[in-house]
Amino acid sequence: MSKFMQAVKVLSAAAVLSFGAASAAQAADVLRVGTEATYAPFEFMGEGGKEVGYDMDIIRAVGEAAGFEVQIMNMGFDALIPSLLSNQIDAVIAAMTITPERAERVDFTAPYYNSGLSVLIRAADKDKYKTLADLKGSVLCGQIGTTGAEKAGELSGGNSKSYNYESEVFNELKAGGCDGAVNDRPVNLYYLATSHAEGIIEMSEMITSEQYGIAVKKGNQELLDKLNAGLKQIRDNGTFAKIHEKWFQVAE
Ligand code: GLN
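Residues numbered from 1 in each chain as written. Predicted model: local features only at pLDDT ≥ 70, side-chain atom pairs only at ≥ 80, totals over all residues. Heavy atoms only, no water.

**Side note on the side chain of Thr146**
With respect to the element layout, Thr146 can be found in the loop between β9 (140-143) and α5 (147-156). If we skip the residues at most four places from it in the chain, Thr146 touches Phe77 and Arg102. (Helix = DSSP H or I, 4+ residues; strand = E, 2+ residues; numbered from the N terminus. Contact = heavy atoms within 4.5 Å.)

**Some remarks on the site of the ligand**
The ligand sits among 13 residues. The nearest are Ala95, Arg102, Gln143, Thr147 and Asp184. Ala95 is positioned with one of its backbone polar atoms (N or O) 2.7 Å from a nitrogen atom of the ligand. Residue Thr97 places a side-chain N or O atom 2.8 Å away from a nitrogen atom belonging to the ligand. Protein contacts shield 100% of the accessible area of the ligand, which totals 300 Å² for the unbound molecule. Along the lines of polarity and charge, the residues of the shell around the ligand split into six nonpolar, four polar and three charged. (Near = heavy atom within 4 Å. Polar contact = N/O pair within 3.5 Å; in protein donor to acceptor, adjacent residues only side chain to side chain. Areas by Shrake-Rupley, 256 points an atom, 1.4 Å probe, with all protein chains shown as cover. Nonpolar A, V, L, I, M, F, W, Y, C, P; charged D, E, K, R; others polar.)

**With respect to the sheet that holds strand β3 (residues 43-45)**
Pairing is antiparallel in the open sheet, where three strands are placed in the order β2-β3-β4. The sheet is open, and its two edges are formed by β2 (38-39) and β4 (51-52), each paired on a single side. For β2 and β3, the ladder comprises two bridges, and the chain directions are antiparallel. Bridging across to β3, Tyr39 finds its partner in Glu43. (Pairing = 2+ DSSP bridges.)

**With respect to the sheet that holds strand β6 (residues 91-92)**
Taken in spatial order, the five strands of this open sheet run β5-β1-β6-β14-β7, and their pairing is mixed. Both edges of this open sheet fall to β5 (69-74) and β7 (106-108), since each of them pairs with a single strand only. Of the strand pairs in this sheet, strand β1 (residues 30-35) and β6 are connected by two bridges, and their pairing is parallel. Within β6, the position partnered with Val33 by the bridge is Ala91.

**Considering unusual backbone geometry**
Residue Ala40 is joined to Pro41 through a cis peptide bond whose omega torsion reads 5 degrees. Relative to the assigned elements, Pro41 resides in the loop between β2 and β3. Backbone geometry at Ala95 places phi at a positive 50 degrees, although glycine is not the residue there. Relative to the helices and strands, Ala95 is located in the loop between β6 and α4 (100-105).

Everything listed here is a matter of coordinates, which is why it stays silent on function.
Have a look at this one:
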């Protein structure tokens, strides 16, 4: 046999092997879960390059309850729903608000977290921006594809900027690239409490009340049922309450 043919044989044997490994992994019920890990305390990169946070604990516990091996796949927030629609991932957990527009494209589990939006501004501007109405004409920023970014557009009257990573949003606000940052309130509060957020404050007027859900491809009822059953199981056995307390220091 020529060297070339030998190489072809080795390569095709490797291809068969890796194909075999992929189907074995699927048989073990791997759940590929998309997230966007710059959104502390829900999902962010911990030490050792592992995704950590409230959502990560919830999905790992739900996965265990439902008999899945959870594989986290980190990507841009605006890539999550397209990746679900094109079968790159099986589910999304990303502090994702259940909105009517999204519910037309994907199916959501029962809500697992009550949230809402708030606005951070520089403390130096506190007399300038007392109410949300004062933000008209200001420049507001948010994370691309989020309810916060949408609200930033509305409140500013079309002067909004969107960024891929939440860290960019906070940095822009500090650096004066925008006058306010519109985010989920727990994310704003976590930033104020844990980061070098000197000179940044939260406006007292809140914007919306939202609920997060885990998303699956529209019509994937089987997976939706398993995830809902998993959520119920971890609520019933106390795991859910423990995770909530771990990240928010208060009962739900
Ligand atoms: N809850 C917001 C939304 O669904 C923000 C989510 C996020 O940035 N991860 O749009």
